[in-house]
Amino acid sequence: FSAPVALRKLFERLGATYIKLGQFIASSPTLFPAEYVLEFQKCLDKTEALEWKVIEQVIEKELGPVSQTFASIDKKPLASASIAQVHAAKLKSGEDVVIKVQKPRIDESLKADLSFIYVASRILEFIQPDFERTSLSAIASDIRNSMLEELDFLKESQNLQEFGTFLKDNGLTAQATAPRVYKEYTTKKILTMERLRGVSMLDSEAIAKMNNDPEATIITALNVWTTSVVTMPWFHADVHAGNLLVLEDGRVGFIDFGIVGRVGEKVFKAVNELSTALALGDYEGMAQAMCNMGAADEEVDIQAFARDIEKVMVNLSQVQPDVAVTGMADGSIAGSIAFDENEVTTVLLDIVDVTENNGLKLPREFGLLVKQSLYFDRYLKILAPNLDVAADARVVGLGGGDNGASPQLNGEPANG
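Residues numbered from 1 in each chain as written. Predicted model: local features only at pLDDT ≥ 70, side-chain atom pairs only at ≥ 80, totals over all residues. Heavy atoms only, no water.

## Notes on the nonpolar core
In this structure, Phe163, Met201, Ile218, Phe254, Phe305, Phe366 and Phe376 are the most contacted members of the largest nonpolar core, which totals 93 residues. When residues of this core are assigned to their parent elements, the largest contribution, eleven residues, is made by helix α16 (residues 364-383). In this view, Phe376 contacts Ile218, Ala221, Leu222, Trp225, Val239 and Leu244; residues no more than four positions away in its chain are not counted. Ranked by size, the runner-up nonpolar core spans 15 residues in total, among them Phe70, Ala89, Leu91 and Tyr182. (Core = buried A, V, L, I, M, F, W, Y, C linked by side-chain atoms within 4.5 Å. Buried < 20%, exposed > 50% of the residue type's maximum accessible area, 1.4 Å probe, protein only. Helix = DSSP H or I, 4+ residues; strand = E, 2+ residues; numbered from the N terminus. Contact = heavy atoms within 4.5 Å.)

Written as structure tokens, this is what we have:
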């Protein structure tokens, strides 16, 4: 019997709130035990699609008759998750769009379940004071706020627009994009946005056909995301391969802004210090930066902590992508490169383990930030295996500058 497996299966049966709760656990290794974080990676947010009539009723209640706005809507969804399902459509004005439609009454059940979880956590803290030290109700409150924000599609549409403004203000619209929001067809429960057509960041063969420099493509994606972390009040906190596309015109497309992270001033300052120390290979500097960021129970031995960090970083550098070679029916050979999602989480759990063993507790936003950085580390291993991130002048550091020279955000080599 495995408690984490049993709990994950139970959560999947209990529906939307608990699937979302499972995903929260999976993305919060600084808060939950390692075995639960790893098991809940398997908590897939894929549910049976609702029939078209039900979705049509939601659209018509929010926007009026479908035929007034849309020339056509594909009745078969592109995707169906616990909170919403997504349909391809064409506007009367001719643009291809996708419509994200919130499932009926999902907001009521989510709010009721989340309130119950919060109240239960407060009662547990009262009955068993040990739970208060683990900030159980604070975690429940964080879960509640995070999930309720996902229910408001106006909030997601605002995130999309703010990211678009960020790209424009930083002269990055030729390198990257996010879907344009059609505000007149967007409400709290309907999000209508431009349809971006592209391939996954893991599809190295397709990327190579689109442009002759996949290395520049991944550097561009990394630089755009890093610059957004440095200059925006929030960052895209879900840059897995499905949400990062390489478009037909070579630009990088960022999609799905339902989950964003916010970094407080103290954490941000410490992340800058950590980034600088990482680029220099200064493990003691990294240890000190983490101490500045986390809550320590006691005096931390910086040198011992630095040695532990060094071991984790050596392990990280040894992780390689999986290469699969397949013989085709016509006698040709096809290859594919991928990486195991669990490897990203395992490295993150190693980092959390090391910090906790040295008497530190790190904030959740740090875990979110590092997880996105680890995704990029994997993409770099696939698309730019020979790149030295610390030494390459094209790569922007999280300190807001570069790694020793003037960076080019589009991944092109700097002149001179």
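## Some thoughts on helix α4 (residues 52-63)
For α4, built from twelve residues, the straight-helix expectation of 16 Å at 1.5 Å per residue is met to within 8% by its first-to-last C-alpha distance of 16 Å. Among all positions of α4, only Trp52, Ile55, Val58, Ile59 and Leu63 are buried. The buried residues of α4 occupy an angular sector of 125 degrees when the element is viewed end-on, so they sit on one face. In α4, those exposed residues whose orientation departs by more than 90 degrees from the buried face are Lys53, Gln57 and Lys61. Check the buried side of α4 and you find it contacts α5 (66-69), β1 (70-73), β3 (84-91), β4 (96-102) and β6 (190-194). (Expected span 1.5 Å × (residues − 1). Arc of directions from axis to C-beta.)

## A few points about the confidence of the model for the chain
Low-pLDDT portions of the prediction should not be read for the details of their coordinates. Put simply, the chain has an average pLDDT of 81, and 85% of its residues get 70 or more. Within the chain, the element-level pLDDT minimum falls on strand β14 (residues 333-338), averaging 45, and the maximum on β6, averaging 97. The low-confidence segment residues 323-338 (pLDDT under 50) makes 22 contacts with residues lying over four places distant or belonging to another chain. The model gives residues 400-408 a pLDDT under 50, and that stretch makes 24 contacts with residues more than four places away or in other chains. (pLDDT = per-residue confidence, 0-100.)

## Quick notes on the packing of helix α12 (residues 265-280) against helix α13 (residues 283-293)
It is the contact of α12 with α13, at a shortest axis distance of 8 Å, that shows an interaxial angle of 175 degrees. Here α12 lies roughly antiparallel to α13, going by the angle between them. Between α12 and α13, the contacting residues are Lys266, Val267, Ala270, Val271, Glu273, Leu274, Ala277 and Leu278 on the first element and Gly285, Met286, Ala289, Met290, Asn292 and Met293 on the second. Tallied by class, residues from the contact of α12 with α13 come to ten nonpolar, two polar and two charged. (Axes fitted to C-alpha atoms, helices over the stretch in contact; angles between N-to-C directions. Parallel < 35°, antiparallel > 145°, perpendicular 65-115°, else oblique. Nonpolar A, V, L, I, M, F, W, Y, C, P; charged D, E, K, R; others polar.)

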